[in-house]
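Residue-level structure breakdown
The lines below spell out each chain.
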Amino acid sequence: MERVVQILADAVSVGSLYALTALGIGLIFGVMRLINFAHGELITFAAYTLLALFGQPIPIMLFGAVSVAIVLALITERAAFRPLRNADPTTLLISSFALSFFLQKLLILLVGSRLKGLDFLPALARQIEFAGVRLQLLQIVTIVVAIVLLVALTWFLKATRLGLHMRAAAEDFRMARVLGVRANKVIAVAFALSGILAAAVSCLVVVQTGVVQPRMGLQLVIIAFVGTVIGGLGSLSGAALGGFLVGAATILLQAFLPPDLRAFREAFVFVAVALVLLFRPQGLIPARGLKERI
Amino acid sequence: MTSGAPLLAVSGLVVRYGAVNAVREVDLDIAEGEIVGIVGPNGAGKTSLMLTIAGIVAPAAGTVTFAGRPLGGIALEDVVAQGIALVPEGRHIFASLTVMENLLLGATIRHDSRAVAADLDRFFGMFPILAERRRQPAGQLSGGEQQQLAIARALLSRPRLLMLDEPSLGLAPLVVDQIYALLGTIRAQGVTILLVEQNAERVFGIADRVHVMSGGKFALGGDAAEIKSHPRFDAAYFGVRMREAASEP
């Protein structure tokens, strides 16, 4: 019984990480119809910021990671995506790949490709008693951080003027602009928010794995992207749900598959993904009224 | 036309999509307080003309001047702040947002939240169905209700010029009566209206002046009553349509 609860906690916490990553990708897709694979590098750069600031007080490290992810998100939007805003989605997709590779190689050039150990917030590795079951503190923190960010993002989108502008832009960007919604502002805010989400994921992953390496972000983003697709591209709740399900499924398969099949757990996840898309090609929670890009 | 400078002045406007000339050297003046109608068959360039005034389509040549200021080079999202509001063809309401959120988006450029609230109350009086359904997703409204929403949303920017593209399209005649009665009320409140329609009869019933557009040009223009009984009206409107229909593959 205790083992089952532990596995479930693990599944939920890993699912939460992928949900946050998928949400970052979904947010940008919503307003720009851009699948931003360079979202992974926001995660990676935030992690290397933690490494660079190692030894400083924790709040400074966190602040540094979040700031770097936001600034990098805004710079990439301005330099790489704004000039292509009227290009077709394939061009945007390819440029996001190019940007992702460029940032990865840049990092390798600056710090090398070797994996580096980083003992960030070791206190979170502690086991705690929770409702009679021993759980890792980090899992609970991960789940709480994900819930807080989801609630905050929902509040922002539903209750603020800028959030309303973002939702309108996601549905029909041209009409939103006709009404006076500022395209540059809405897109910049979406990128800044994706930077915050990326930094949160980065910090949690670094605590969990204890290492940083230049490809860490891309690996997360590819799985999370699969999550946004099965959730329904263009729908934020779909992205969160899809990311969560893919992440949680990976852990559950790891735990419950016969040992000699565990090496193929990704294959099982992708079979499940294929089945979902076969029966619900629009995703689990389809986006309503996808129209004009901009 | 009344004296003084026109509210909207379009001069020598040309709109091209690739090799296709959608609008060819059109001139159009609209005085404050007028209702001007543009009628013509499908593909005549009416919508292109309207989208160019709204800043959505960039002209290949010519100028658009509004309230004495040239609109050339102005960003799409800044046009509404000049005092121009658009009710586009197909309405383009935000289906997944509530009726209330759609209306608030209409007031995007305004920061006088108290006056916006007062306007909302006024519109809910004019459009009781919108008041009743303010918390529902706008996609659940009927076509006529969506048209009312699109008009109310446009009015919330407090425009000096309201442009409507095919407001009667796809609506039952009774609903169209309501929409046109509404346009009369809006004009009485001092808003200038530019109306694009295939449904010429409706336009004659409300417009002060009418232009007949075909093949990207104004074929005929003048007072509504004069155009309605003009001997060349049918030729200008229907003649071109028949020729276009004949040339289609």
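For the structure itself, consult the block above.
Here is a short report on the structure shown in this document. (Residues numbered from 1 in each chain as written. Chains lettered and ligands numbered in written order. Predicted model: local features only at pLDDT ≥ 70, side-chain atom pairs only at ≥ 80, totals over all residues. Heavy atoms only, no water.)

Inspection of the secondary structure assignment puts Glu-77 of chain A in helix α3 (residues 58-81). With near-sequence residues (within four places) excluded, Glu-77 of chain A lies in contact with Arg-82, Arg-85, Ile-187 and Phe-191 of chain A. (Helix = DSSP H or I, 4+ residues; strand = E, 2+ residues; numbered from the N terminus. Contact = heavy atoms within 4.5 Å.)

Quick look at the pattern of salt bridges now. Residues and elements named next belong to chain B. Overall, the coordinates contain 17 salt bridges over all chains when judged by the stated rule. Note that Asp-119 is salt-bridged to Arg-122, the shortest N-O span being 3.7 Å. Taken together, the residues span about one helical turn, with Asp-119 and Arg-122 both in helix α4 (residues 113-126) at a distance of three residues. Salt-bridge contacts for Asp-119 lead to Arg-158; the nearest nitrogen and oxygen are separated by 3.1 Å. Taken as a pair, Asp-119 in helix α4 and Arg-158 in the loop between α6 (143-155) and β7 (161-165) lie far apart in primary sequence, 39 residues in all. Here the residues in one salt-bridge network are Arg-110, Asp-112, Asp-119, Arg-122 and Arg-158, joined through shared partners. (Salt bridge = Lys/Arg side-chain N within 4 Å of Asp/Glu carboxyl O.)

Residue and element names in this part refer to chain B. The sheet built from six strands is open, its strands ordered β6-β7-β8-β3-β9-β10 with mixed pairing. The sheet terminates laterally at β6 (84-87) and β10 (217-223), the two strands that pair on one side only. Across the sheet, the axes of successive neighbouring strands diverge by a mean angle of 15°, strand direction being ignored. By the bridge criterion, four bridges tie β6 to β7 in an arrangement that is parallel. Of the residues in β7, the one forming a bridge with Ala-85 is Leu-162. α6 rests against β6 and β7 of the sheet, and its axis sits at about 170° to β6. (Pairing = 2+ DSSP bridges. Axes fitted to C-alpha atoms, helices over the stretch in contact; angles between N-to-C directions.)

With that settled, consider the sheet that holds strand β4 (residues 61-66) of chain B. Residues and elements named next belong to chain B. The strand order across the open sheet formed by four strands is β2-β1-β4-β5, and the pairing between neighbours is antiparallel. Pairing within the sheet leaves two strands with one partner each, and these edge strands are β2 (20-30) and β5 (69-70). Of the strand pairs in this sheet, strand β1 (residues 8-17) and β2 are connected by seven bridges, and their pairing is antiparallel. Residue pairing in the sheet places Tyr-17 in a bridge with Val-20 of β2. Those strands touched by helix α1 (residues 46-53) are β1, β2 and β4, and its axis lies near 115° from that of β1.

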